[in-house]
Amino acid sequence: MQIKKNLLIGIFIILCSTAYAQTGSLGGTIVDEAGKPLPGIAVKIKNSKLFTLSENNGNYIIGKVPVGKHTILFSGIGLKTLEKTISVQNGAQSTLDAKILTDAQQMETVQVYGRTKAEETNRQAFNVTAIDAKKLYNSTLDIASALDRVSGVRVRESGGVGSNFNLSLNGFSGNRIRYFIDGIPMDNFGSSFQINNIPVNLADRIEVYKGVVPMWLGSDALGGAINIVTAERAGSYLDASYAFGSFNTHRTVLNLGTTTKSGFTIQLNAFQNYSDNNYKVKVDAADINTGAYAVDAMVNRFHDTYHNETLIANVGVVNKSHADKLLLGVTLGQNYKEIQTAARMVAVYGGFHTRGNIIMPSLKYRKANLIKGLDLTLNANYNLGREKRIDTLNGRFDWYGNFKPIGTNGESSRSLYNYQNNNGLVTATANYAISERHSLALSNVLNLFNRKGYDELRPLNTADEAPKRTNKNILGLGYSYAIRDKFSATAFGKYIYQNIVTTNTGINQPPIEKIGYGTALTYFFNRNFQVKASYELANRMPEANDIFGDLVNQEGNPNLKPEQSDNFNLGFSYDFAINKIHRFGINANGIYRYANDFIYTRLNSNQSKYVPDNRDGVRTYGGDAEIRYSYKNWLNAGITTTYQYLQNMQKVEAGYTGVSPLYLDQMPNIPYLFGNADVSVTLKDLGKKGNSLNIGYNLLYVHEFYLYWPSLGQQKYNIPQQWAHDVNAVYSMANGRYNIGLEAKNITDAFLYDNFSLQKPSRAFYLNIRYFFNKNRN
Amino acid sequence: MKVHFTKAIAALALATTIVSCAKKSDDPVAENPGNYILTVTPVASTAVADYLLTASNLETGTISTAGNGVEQDGTYRYYVTHNNKFFSMLYGQGNPGAVTTYSIQGGKLTKLSNFQTETVQAFAPVNNDILLTKLPRTINATGSTVATWYQVNTNSLLISGTGTLDALAPGNNGEIAHFSWLQQVGTKVYAPFFSIKNSSFATSYPDEAWIAVYSYPGMQLEKTIKDNRTSFIGRYFTNGLGVVENGDTYAFSSSVARDETKFTSTKPSAITRIKSGATEFDLTYFFNFETALPGYYITNWIYLGANNFVAQVQPIAAKGAYTAGIELAIVNVVDKTIKKVTGLPADVKSITTNNYTPKDGKTAYYGVNLTSGIGYIYKVDAASATAKQGLKVEGGTITAVQHLD
């Protein structure tokens, strides 16, 4: 502990002791022949290491330029390199605009220096991967399936469209991973708006933080975070897509918006998912009368329909003197979900279902340079939505859909429980740039939850129901030091407070207070080679669903303790090219974690529900690696692989004195070796200029793992090795305005399993049609 | 550049290897083929499965679950042996209960079949069947409140009959008759029960004992045998009856009837009798357990033969509705004698409630689990009232000791 503290102090001292020389700065706007702003243009001061990239509006700025005359180089993909000279004065900013012409000869090479926002994100000190969502717009992916292709990430779904999901990131899973949309925690969005039903088209990019999470996300994420960055398009745009396919699946996405010259903006996102999810599964199907099992029977799921409809509307102003962005919005949505099975596929349901809705007003405010260098962001929302659990049939279904009345207790537990989670959220972040290299960030996240419900079938059960309330506040302070494209470092501390109220008697658990801190460093040996290291003492607090359950297949555990862990990450990324036509990207990360009170999901003793529980200690080490290759501008391929070894370090079990037989055993029911590979080919100007065809293939592999503790027993239950092959083809016309996509998932019709050996969809085909239009006002 | 690159890879490689790669290195304990079946639950209370182990001898040797045993899907399981078959039953509230059946071939467990029943609260061998009953815990405001029964044929290994019982009829007091267990007596099924108002198992009738008598296989309620000298017979998931060689049935009461908050019976823990052929309690026989073994009451028993039972006993001060005693006593129901068993270790964590006896009147094999997490089979000798340490069981808590031919 002492070492860690000293290390942090040391970093602070090093960062703060940088000397200052006589310098000025340099800025301007870069445009193309037509006067349109050019983002991602490399601006380099000749004979120096000073370098930057232009922003989306074409602007750039380079600080700490030594006083004197300089030659500036402007370069970008497919553009002619431009050279200009300028002299820089002490303490002043010199303006140097540039117009860059297209270089027809260079057009066929893939991008070299110009980086998309997604690639820029990858260059932070944090261990972060950004998925450029725009590349996936013509697919039928939701956010969760897009994430499944990132190295180190494993999305575990309990079934088809709308099914429960659990994302694991470098061996951390469940609520250790937090979800954000534009930096706003999604904790309280309810079942109608989750990463498994948000279409990928809503996002501009998806940032995946593995391990240490930047302070401005200000959360108690322990294993990492997913931040969905929604598209902020200028001018007027319309993006509409519709997909249909196997299992009677229909998905529609409509994004439209406009921003007037005066700064008034209106944005509308609407999406819909519908699926019967009636895919084939292989089960031991019991005869409802004799109890005889038909071993390995192929049956269709018959009670798994899911649909949701969501509308997000935002109205406000942008680029005003008092606000860069001020949006008032509302998210309206509803969902319906049939529950086919309990936590294991032996218990089949035919009537049990849930409904939910979301009515969530929200406020978003952002202002940069409120006073010079101070950026302020404020978000607030409150979910007025209701959820309902409906289980009214007294009896049992079999896998063939036959029903037999039994008893008087419903299928799982008879109820018509109607409840409201009353959750609210307020986040505030202030960033202060002390100078170009030093900045401070302060953030606070307040999270409220108070579940209240009523069961009309069992009024006596719920009349004097115990309170289900939890409030959490996280205050964080961070400091960063960065030399652009050379070095950056961050150190931060967090104070977390949570209270949980679960009894009427007033005797509650004392409030939980936790301190966390960490640091993240990155160093660029050169433009193409970056090393990242980070450490955090991280806390993962119990979430509302961990404490109170989800009333379907997750049971609550009011005694769940917060998890605290030491997380270390070390990684590098390296890009290189051979003869300018073979381009390679390699990145690899190693992790080590030691978690106290490790939170994991197990089955309850009846094997019917999941329960979160603690292990005294769990140690994880592992790594992930990714290699990408592209040939000219038409072939792209990549392989990612992840290995993680989670070991039980609890030496003595509660109530016993001897060394546990499970000490040092590998944690069960967690995939530990998996990877994927993809190849895609783009044929440009096919058929007609401006049309293109993209054909892709994706392979997913998950190594066999055990359902229960690996060291015990000889004849064991396992989740077998899995190979899933997906192929897709997209034909785009008129430079992407019209698109038709075809997708085949799980083409070999392999048996794919997930959580506790739940089966995932069999072979499926989808057709996707998309129209995109963007009229840029500039 | 190249140098940097190599350095970084070296650093990464180092980082991933310095974390100790210590994996488990168990000294493997070999398989122990034989006709005894032991069921073992890992000491971790959670995320575990039961393992079925075999042993050739309960009096010596060691067995372990490390790399051995047949994994059972889940740990909330109950085991019963009948018709020379071993039944492993999953108790999953609200879930169907999967039942796996095994025989022993050449000292190894051989899976015969899987079939599905409901989760039940009482089951027992009757004729060639296993009779299972699923009992309600709440009284319906309107309509009937029923228990469901299933007859599983142990030859076909399928459900051969099913039906319902009026759960309020046996008590006839407005409360549910929750069977504590089932026992075949002659051609009838005796179902001793506790009377409950609701799912907290509270009753307004703490000072009565009942046995519902059903025909078999028709499952018609023929009579309820009542007694007001003790509280109810047996306990939740516990057989309170034993039939001796002359056909007399003995019954024990733990005196654990309760209201919402506390034990309410005024009667002592005691043993009573129903003479062979009679359908009333024998009012001439009453064996007060608490005076014969002062300070103790009985929580479970098994019948060894020759009128001898081995009872699990617990100090009255530690009384609980679902606890099982961690001390043993030899009870002779005809002589009305109780002798505490000596020779058990000091640091007992739990004693298995599903144990084996060859029914020779003398011997029983009990699973004894120590706080260290190690278990032993103890051979109990009724004549000397002693227990002797036998087979060592590593890697978990013994939950049942059974034998197949």
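Being a predicted model, the structure only gives us computed values, none of them experimental. (Residues numbered from 1 in each chain as written. Chains lettered and ligands numbered in written order. Predicted model: local features only at pLDDT ≥ 70, side-chain atom pairs only at ≥ 80, totals over all residues.)

Turning our eyes to something else, we now look at the overall build of chain B. Broken down by element type, chain B carries two helices and 30 strands. On C-alpha atoms alone, chain B measures out to a radius of gyration of 24 Å, which is about the 22 Å that the 2.2 N^0.38 rule sets for 405 residues. Across its three principal axes, chain B shows a C-alpha extent of roughly 95 × 55 × 45 Å. Taken across its 405 residues, chain B has 49% of its residues classed as buried. Of the contacts made within chain B by residues no fewer than 6 positions apart, 49% connect residues no fewer than 24 positions apart. (Helix = DSSP H or I, 4+ residues; strand = E, 2+ residues; numbered from the N terminus. Rg over C-alpha atoms; globule rule 2.2 N^0.38 Å. Buried ≥ 20, exposed ≤ 12 C-beta atoms within 10 Å, placed from the backbone. Contact = placed C-beta atoms within 7 Å.)

On to the sheet that holds strand β22 (residues 296-305) of chain B. Residue and element names in this part refer to chain B. With antiparallel pairing, four strands are arranged side by side in an open sheet as β22-β23-β24-β25. Of all strands in the sheet, those with a lone pairing partner are β22 and β25 (337-340), marking the two edges. Here the average twist between neighbouring strands, direction ignored, is 30°. Sheet topology note: the strand β24 (residues 327-332)/β25 ladder contains four bridges and is antiparallel. Residue pairing in the sheet places I330 in a bridge with K339 of β25. (Pairing = 2+ DSSP bridges. Axes fitted to C-alpha atoms, helices over the stretch in contact; angles between N-to-C directions.)

This brings us to the confidence of the model for chain B. Residues and elements named next belong to chain B. Per-residue pLDDT for chain B has a mean of 89; in total, 91% of the residues score no lower than 70. Of all the helices and strands in chain B, helix α1 (residues 2-18) carries the lowest mean pLDDT, 44, while strand β19 (residues 249-253) carries the highest, 98. Confidence metrics for the complex model read pTM 0.79 and ipTM 0.82. (pLDDT = per-residue confidence, 0-100.)

Right, let's get into the interface of chain A and chain B. Taken together, the contacts link 57 residues of chain A with 60 residues of chain B. Counting residues per element, the side of chain A that touches chain B draws most heavily on strand β36 (residues 582-603) of chain A, which supplies five residues. Here the side of chain A that touches chain B is built from residues that sort into 27 nonpolar, 23 polar and seven charged. (Nonpolar A, V, L, I, M, F, W, Y, C, P; charged D, E, K, R; others polar.)

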